[in-house]
Amino acid sequence: MIPGFLERTRPAALGTFALLIAILSGFSAGFAQSGTVPQAGVGADEWAARARSALAGGSVFEAIEAFDHALAVEPGRSDLRLEYADLLKSSGYWLRSAAQYKGVLQAAPTDGHALIGYAELLNAEYQFAAAAEQFTRALQAGGLDVHQRERAQVGLGSAKFGLEDFAASARIFDALLKERPRVATAMAFLAISRRRLGELDAAEALWDRYLELDPQAAPARIHKIEVQELKGAIADARKAVQDDPSRPGVWAALGRLLRRQPDLPGAAEAFAAAVKLSPSDPSLHLARGLVLRDLGRWKEAAASFAGVGTHPRLGGMALYNLAFCARRARDHRLEVRAWADAVALHPGDLYAYRRYVAALKRHGGLELERARLLHPPGGEPAGGSAVRRLARLALAEEASGNKEAARAAAIDAVRADPNDVHAQRLIRDLLSLDARALEAATRDGGAAGEARRRGAVLLALGRVQEARPSLERALQEEPEDPSLLVAVAACARDAGEAAEAIRLLEKAGALDPSSFYAHLDLALAYGAAGRVQDAVEAAERAARIDPAMPAAWSILGTALKQAGRLDQAAGALEQAIHLDPMDDVAAPRLLLAKVKGEMGRMEEARELLPGDAPQEPEEIYRLAWEFVRDTYHDRTFRGQDWSAWRHRFDGQLKTTPEALGAIALMISSLDDRNTRLRSPDQTARLMFTHRSDAPQFSASGAALGTSRTVAAQRLPDNLGYIAVTNMDDPRSHAEIRKAVEEMKTADGVILDLRGNQGGSDAEVARIAGMFVPAQTVTGATVGPEGRTPERPVPPGPGGGPIIPQNKPVVVLVDRNTASSAESLAGSLKEANRAILVGEKTFGKSGIQVPKLLPGGAVVLVVGAEHADRSGAVYTGRGIEPDVRVEGASLPERGADDPAVSKARDLLRRRKGGR
């Protein structure tokens, strides 16, 4: 949505400033966060000077602590509060920053600095309606200097943009540019606003103007190229239609491009022409329905979706959208029927069943459905069907208000199969935040079968090591039960016992070749151990056993991606999406986008992010809330009652922007800079964008989003140099591998991770395996249950590291080396494989687990922390280099910069035996 170089906002909004204040007032947001007492005799100004010095040296956390002390000494200093608020805002500490701005505004309601700073904070946290109000207040209050007025105008325009009022945004930026024609930020926003309005010629002209101001601006060039490519594709599609209007495919191609423009009326006409020419093609009915849905023409859209019918691949997505449109058209009978058809088409889709039950509750029929589940016709089904019935019964009982009966059914389901993903999900829904019910469910009086129940419930709740003794005891009682073998294997895998997990899973599969979860989990275990072909074969067996389970296709896609079989991986993941339209269980959509990106099909990758599933605001919020509940590493949620957030916005969320604003507020209560929301455009910019032909860095030394991902060269004295600027690029692993292969004959290698702010954690072990032998332990992971060994490095395709062990390695790091890049540096240091040279790293090494929401926003939740082998986490403290080089964070880098020179000197000494 918004270019990364603006460092501005993310899409969406909540409602009012008053709501924000009400929510903020419910949390502790004191000024002193360090918990330490300031040194006697040290004044506020000296503490502030120490803070500025620490910040100049890249020590953000030290600077925050020093400002805490300064304000503890003189809490009434508005100048220090504002400086501190700006620091907290830029560092991602939303809640604490808000408290500082709020404190200043309580004393001085028209303070321009505070109003603008607070409004920019609101913008950054998706509170665009509240931000617009604050920016307007700042502009009306007057007394702003030229710079402040420009910030307020840009902020107001970006808030309107975030509210998806692109016409208003364009008017604001147009007016600003008439006053000050050379404001580059306003020009960029105006160009993107025009692009969002479908005015491609105007957008291209604005990027031309921008490039006249800054000819080296790679992001502007990329935006211009994207506009030009779309214009050219539309022109070609129109010509194809003119040349042969009898072909439905050319009309459909034009419709897809016009939807991207966006020209929704034109797209609807194009798809209508395609449908008329080929009325039996379900894909055309689906495509036309999606455009009509986006236009809000609910009845016409519903008719198009109904035209897809129960097609085995497209029917699920069509029925989800049919139910969505029927509800908005107030056709309640059609809504219920659509959900019933979705359940019949994909019986394993518990999300569809949940929505079916909700529709029955609103419109009648729930008690009849509940009775049918309690007394199934033909008696109790066998195997997985029995677990499915119990899971459905739990949902029906919950919807009926029978919470105890719902818990009982969920416990019965997970006891029947401790590995069933739907049963586990229900246990989390019904027990995870209810201490009394949880205690009753996990009580173990020693009777036969109680160990199985207790272990299954704890496993479902993610309390894996607590679950293990009970599951092992249950296995002693039933030593040939494949489901218990799989459950104990999950515990072993979590504890880092990869070989034991594989042994147990292989035994389970041999005992029951039809055990779905034995083969599915075996595929995961093989993949983690680097046995890629074995992983593919195990996932294929799982898919054959139950082809209706999206998890099988998702894991198969993952294994095929590891094997480099990208076309096949894409096909498997597409099948998973057809079976799981909401991306609810198997989460294949983001992985498919990465596969497309790795294949170089960037536009397809970007289009996958929003997806085609309907965007229901309250559902989007619920999915995000559940994901944080199930994933966040601090199980106390920073000392708050997480259940209080579940229904806080019931009845208030009418649009996707409002849903994302509510999610941002919810996440902010954790005061965790690494658990956050990321917009579709931010994800697209990080992963699926054109990149420059050379590494590029900002003035602070951080890699730009358009920077080339990998650059390698052979230095004098036969030394290899490899710079890696990010790990979000889907092609990064292949590019790094190619560069390392090129340098394996060098006498030593420099791996430059300066400016690299990280990316995918999944790549850390695979890249480390290019330098260290398989099974090397490179650190630890600290999660909700404490410290566990880091998973050993898997073997590479050749079985061993690419760089021989007798070749020395130096890793360059700086204050911007963060996240997975920081973890990679720490891994090589902990394995005693590399010397670290440069500055202390940033100190952000949480393992972020992503959840792609309908519409394309991503919730990033810290599920655990990377740590050294002693268990000391890197977050908040960083990694000290072995050899410090001051000023290693440079915007211009090369073979002679100080850090590279020091690394070359170290490698030459090793080469010479000194």
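Note that the structure is predicted; figures quoted are calculated from it, not measured.

What counts and what doesn't
Residues numbered from 1 in each chain as written. Predicted model: local features only at pLDDT ≥ 70, side-chain atom pairs only at ≥ 80, totals over all residues. Heavy atoms only, no water. Helix = DSSP H or I, 4+ residues; strand = E, 2+ residues; numbered from the N terminus. Rg over C-alpha atoms; globule rule 2.2 N^0.38 Å. Buried < 20%, exposed > 50% of the residue type's maximum accessible area, 1.4 Å probe, protein only. Contact = heavy atoms within 4.5 Å. Areas by Shrake-Rupley, 256 points an atom, 1.4 Å probe, with all protein chains shown as cover. Lys, Arg positive; Asp, Glu negative; His and termini not counted. Charge placed at Lys NZ, Arg CZ, Asp CG, Glu CD. Pairing = 2+ DSSP bridges. Axes fitted to C-alpha atoms, helices over the stretch in contact; angles between N-to-C directions. Salt bridge = Lys/Arg side-chain N within 4 Å of Asp/Glu carboxyl O. pLDDT = per-residue confidence, 0-100. Polar contact = N/O pair within 3.5 Å; in protein donor to acceptor, adjacent residues only side chain to side chain. Phe/Tyr/Trp six-rings, centres within 6.5 Å; stacked < 30°, edge-to-face > 60°. Lys NZ or Arg CZ within 6 Å of the ring centre and 35° of its normal. Core = buried A, V, L, I, M, F, W, Y, C linked by side-chain atoms within 4.5 Å. Expected span 1.5 Å × (residues − 1).

**Examining the overall build of the protein**
If you tally the helices and strands in the protein, you get 41 helices and 11 strands. For the protein, whose C-alpha radius of gyration is 28 Å, the value lies close to the compact-globule estimate of 29 Å for 914 residues. By principal-axis analysis of the C-alpha atoms, the protein measures approximately 80 × 65 × 65 Å. Out of the 914 residues belonging to the protein, those deemed buried represent 57%. By sequence separation, contacts in the protein at least 24 residues apart represent 64% of the contacts at least 6 residues apart. Surface exposure of the protein reaches about 35000 Å², of which carbon and sulfur atoms provide 51%. Distance from the positive charge centre (116 side chains) to the negative charge centre (118 side chains) of the protein: 1 Å.

**Quick notes on the pairing of strand 2 (residues 710-715)**
As judged from the six bridges shared by strand 2 and strand 3 (residues 719-724), these two strands associate in the antiparallel manner. Within strand 3, the position partnered with V710 by the bridge is V724. The turn joining strand 2 and strand 3, which pair antiparallel and follow one another in sequence, is formed by three residues; a positive phi near 65 degrees is taken by D717.

**Some points on the sheet that holds strand 7 (residues 809-813)**
The strand order 2-3-4-7-8-11 describes an open sheet built from six strands, whose pairing is mixed. Strands at the two margins of the open sheet, each flanked by one partner only, are strand 2 and strand 11 (883-884). Across four bridges, strand 4 (residues 748-752) lies against strand 7 in parallel orientation. In the sheet register, L751 faces strand 7, and the bridge partner there is V811. With respect to the sheet, helix 40 (residues 819-830) is in contact with strand 4, strand 7 and strand 8 (834-838), its orientation differing from that of strand 8 by roughly 135 degrees.

**Structural notes on unusual backbone geometry**
P262 follows Q261 through a cis peptide bond whose omega is 0 degrees. Mapped onto the secondary structure, P262 falls in the loop between helix 13 (248-260) and helix 14 (264-277). With a phi close to 65 degrees, D717 is a non-glycine residue in the positive phi region. For D717, the location among the structural elements is in the loop between strand 2 and strand 3. A relative accessible area of 37% places D717 in the partly exposed class.

**Some remarks on the pattern of salt bridges**
Within this structure, the stated rule accounts for 74 salt bridges. The residue D584 makes a salt bridge to R425 at a minimum N-O spacing of 3.1 Å. With D584 in the loop between helix 32 (566-579) and helix 33 (588-598) and R425 in helix 23 (residues 421-431), this residue pair connects regions lying 159 residues apart in the sequence. What makes D584 buried here is its relative accessible area of 12%. By relative accessible area, R425 is classed as buried at 12%. Note that R463 is salt-bridged to E466, the shortest N-O span being 2.8 Å.

**What to know about the confidence of the model for the protein**
Residues of the protein with pLDDT of at least 70 account for 94%, and the chain-wide mean is 89. Contacts from residues 1-36, a stretch scored under 50 in pLDDT, to residues over four places away or in other chains number 121 contacts.

**Structural notes on the environment of P610**
Structurally, the position occupied by P610 is in the loop between helix 34 (602-608) and helix 35 (617-631). Exposure remark for P610: the relative accessible area of 30% places this residue in the partly exposed category. Taking the C-alpha atoms as reference, P610 lies 48 Å from P716; in sequence the two are 106 residues apart. Look past the residues within four positions of P610 in its chain and what remains in contact with it is R589, P854, G855 and G856.

**Regarding the environment of Q615**
By the secondary structure assignment, Q615 is in the loop between helix 34 and helix 35. Spatially, the C-alpha atoms of Q615 and D882 are 50 Å apart, while their sequence positions differ by 267 residues. Setting aside residues up to four positions removed in sequence, Q615 forms contacts with F324, I620, T656, P854 and G855. Among the polar contacts listed, one links the side chain of Q615 to the side chain of T656, at a separation of 2.9 Å.

**Topic: the packing of aromatic side chains**
Tallying each qualifying case throughout the model produces 16 aromatic pairs. Ring geometry for F161 and F189: centres 5.9 Å apart, planes at 65 degrees, overall edge-to-face. Residue F161 is located in helix 8 (residues 146-162), and its partner F189 is located in helix 10 (residues 184-196); the two are separated by 28 residues in the primary sequence. By relative accessible area, F189 is classed as buried at 0%. Chaining the aromatic ring pairs together yields one cluster made of F161, F166, F173 and F189. Geometry around W625 places R646 over its ring, the cationic atom sitting 5.8 Å from the centre.

**Considering the nonpolar core**
Grouped together as the largest cluster of nonpolar side chains are 203 residues, with contacts concentrated most on Y353, I427, V457, I663, M666, L853 and V859. Setting aside its immediate chain neighbours within four residues, I427 contacts A410, I411, V414, S432, V457, A460 and L461.

**Examining the side chain of S819**
The topology assignment puts S819 in helix 40. In contact with S819, not counting residues within four places along its chain, are Q757, G758, G759, K844 and S845.

**A closer look at helix 31 (residues 550-562)**
For helix 31, which comprises 13 residues, the first-to-last C-alpha distance of 19 Å matches the rise-based estimate of 18 Å (1.5 Å per residue) to within 8%. For helix 31, a buried count of 10 out of 13 residues is recorded, marking the element as mostly surrounded by other parts of the structure. Looking only at helix 31, the buried set comprises P550, A551, A552, S554, I555, L556, G557, A559, L560 and K561.

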